[in-house]
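Listed here are the chains, written in short residue letters.
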Amino acid sequence: MEYTVQKLGKMAGVSTRTLRYYDEIGILKPARINSSGYRIYGKAEVDRLQQILFYRELGVSLESIMDIVSSKSFDYADALRAHRKKLLAKREQLDLLIANVDKTLAAEEGRIVMSDKEKFEGFKQKLIEENEKKYGEEIRAKYGNDRVDKSNKKVKNMTEEQYAAVEKLSAEVMNTLREAFKTGDPAGELAQKAADLHRQWLCHFWDSYTKEAHAGVAQMYVDDERFTAYYDKEQPGTAAFLRDAVFIYIE
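The numbering scheme is per chain: residues are counted from 1 as the chain's sequence reads. In keeping with the predicted nature of the model, local features appear solely for residues at pLDDT of at least 70, side-chain atom pairs appear and are counted solely at 80 or more, and the whole-chain, interface and lining totals rest on all residues. Computation of side-chain values: all heavy atoms of the structure, hydrogens and water removed.

Participant: Would you mind going over the overall build of the protein chain with me for this structure?
Facilitator: Put simply, DSSP marks the helices as runs of H or I at least four residues long and the strands as runs of E at least two long, and each gets a number from the N terminus on. Secondary structure assignment for the protein chain yields 12 helices and three strands. The proportion of buried residues among the 251 residues of the protein chain is 33%. Whether two residues are in contact is decided by their heavy atoms, any of which lying within 4.5 Å being enough. Taking the intrachain contacts of the protein chain between residues at least 6 apart in sequence as the baseline, contacts between residues at least 24 apart amount to 60%. Type-normalised accessible area, obtained with a 1.4 Å probe on protein chains alone, sets the label of each residue: buried when under 20%, exposed when over 50%, and partly exposed for intermediate values.

Participant: Would you explain helix α12 (residues 238-249) in this entry?
Facilitator: The α-helix advances 3.6 residues per turn, and as a result positions three or four apart in sequence lie on the same side. Here the expected span of a helix is defined as 1.5 Å times the quantity of residues minus one. Look at α12: 16 Å from first C-alpha to last across 12 residues, which is about the 16 Å you get at 1.5 Å a residue. What α12 keeps buried is the set Thr238, Ala239, Phe241, Leu242, Arg243, Ala245 and Val246.

Participant: What is the right way to look at the pattern of salt bridges in this model?
Facilitator: Throughout this description, the term salt bridge denotes a Lys or Arg side-chain nitrogen within 4 Å of a carboxyl oxygen of Asp or Glu. Per the stated rule, a full pass over the model turns up 10 salt bridges. Where Asp23 meets Arg39, a salt bridge forms, and the shortest distance between an N and an O atom there is 2.7 Å. A residue pair is termed long-range when its members are at least 10 positions apart, and Asp23 in helix α2 (residues 16-25) and Arg39 in strand β3 (residues 39-41) qualify at 16 residues. Notably, a salt bridge pairs Asp47 with Lys43, separated by 2.8 Å at the nearest N-O pair. In this pair, Asp47 and Lys43 are both assigned in helix α3 (residues 43-57), four residues apart and thus about one turn of the helix distant.

Participant: I keep staring at the nonpolar core and nothing clicks. Help me out?
Facilitator: Counting 28 residues, the largest nonpolar core has Tyr221 and Tyr231 as the members making the most contacts within it. Going through the elements one at a time, α8 (160-183), α9 (189-203), α10 (211-223), α11 (225-232) and α12 are the ones with two or more residues in this core. At six residues, the largest contribution of residues to this core is made by α10. Residue contacts for Tyr221: discarding those within four places in its chain leaves His198, Trp201, Phe227, Thr228, Tyr231, Ala239 and Leu242. Of all hydrophobic cores here, the second largest spans 16 residues; its members include Leu8, Leu28, Leu49 and Ile52. For this analysis, a nonpolar core means a set of buried residues of the types Ala, Val, Leu, Ile, Met, Phe, Trp, Tyr and Cys, connected via side-chain atoms within 4.5 Å.

Participant: In this structure, what is going on with α11? I would like to understand it.
Facilitator: Of the residues making up α11, those classed as buried are Phe227, Thr228, Tyr231 and Asp232. Down the axis of α11, the buried set is contained in an arc of 120 degrees. They therefore lie on one face. It is the directions from the helix axis to the C-beta atoms whose arc is reported.

Participant: Looking at this structure, how should I read the packing of aromatic side chains?
Facilitator: The geometry of an aromatic ring pair is captured by two quantities: the separation of the ring centres and the angle between the planes. Think of it this way: a Phe, Tyr or Trp ring, Trp meaning its six-membered ring, pairs with another when their centres are within 6.5 Å, and the plane angle makes it stacked under 30 degrees, edge-to-face over 60, tilted otherwise. Under the defined criterion, the tally for this structure stands at six aromatic pairs. Judged by centre distance (5.4 Å) and plane angle (40 degrees), the ring pair of Tyr221 and Phe227 falls under tilted. Judged by relative accessible area, which is 11%, Phe227 ranks as buried. With centroids separated by 4.6 Å and ring planes inclined at 35 degrees, the aromatic side chains of Tyr221 and Tyr231 adopt a geometry described as tilted. Pair noted here: Tyr221 is in helix α10 and Tyr231 is in helix α11, with a separation of 10 residues, a long-range link.

Here is the structure:
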C-alpha cells in the first residue's frame, strides 16, 4: 500500500506540513517522488512514522528520535516492546491519578473515608514517571536498574509526612545553594551546608549513600545540560559550584 503525503497525514493524524518538515530534516523521507511530483510513502515509511509518533508521545525530541531510528542497531520489534512498556507505565500513572480524583470526590461527598496516604499515591507515581521520562535512561545506565528500582520503591512507600519533608528539604537545598553561590566559595560554611542538605535529600531516594555516588551525581549536574539548565536558570554557574562544594564535602 502506498500513500501520498495527504493520505498519510490524514491516516496518521498529522498535518501535511509536518510530513514535509520531516522530509526536509531527513527524519522521514518519502519512498519516491512520482511523475507528478508527489511524495509517495510505502510500508517502511509508515512504520518509521509510527515510531516517530510513539517517541513524540513519550516526549523525546526530534533530534534524539532521528539518532535512534537512524541507528544501525535500531530494531523495530524491540522498539515496539519498549514503547509498550513505557505506555503501560504511563497508563498506570493516569489510572492512579483518575482513581485518586474519584476517591477524593467520594470522600468530599461523604461516601467514603480517604486516608492521607491514599491522597498522595497518584502524585508519587507521577513524580517517578516524570523522572523516568526525563532522566531514566541515563540514570539506569549509570547506576543500574536494581538501584533505580529500589529508589522508585522508596518513593512509593513514602508517607505524607515524608513526602512533605522531601519537598521542604528540596526547597532548602536550593535556597541555601543560592545564597552560597553569592559567596563564590564552595569550601565556605554556606556551600558546605548546601552540600550536606543535598546529601540528606539524596538519602530520601537512595537505598544507601556513598561518597562516590554523591560525587557522580554532582558531576552529572555539570555534564548533562538538562541538569545544568535547572540549576543555572537563575544563577549561571550554580551547577558547577554545587559540584565543587560536594567534591570538597566528601573529602
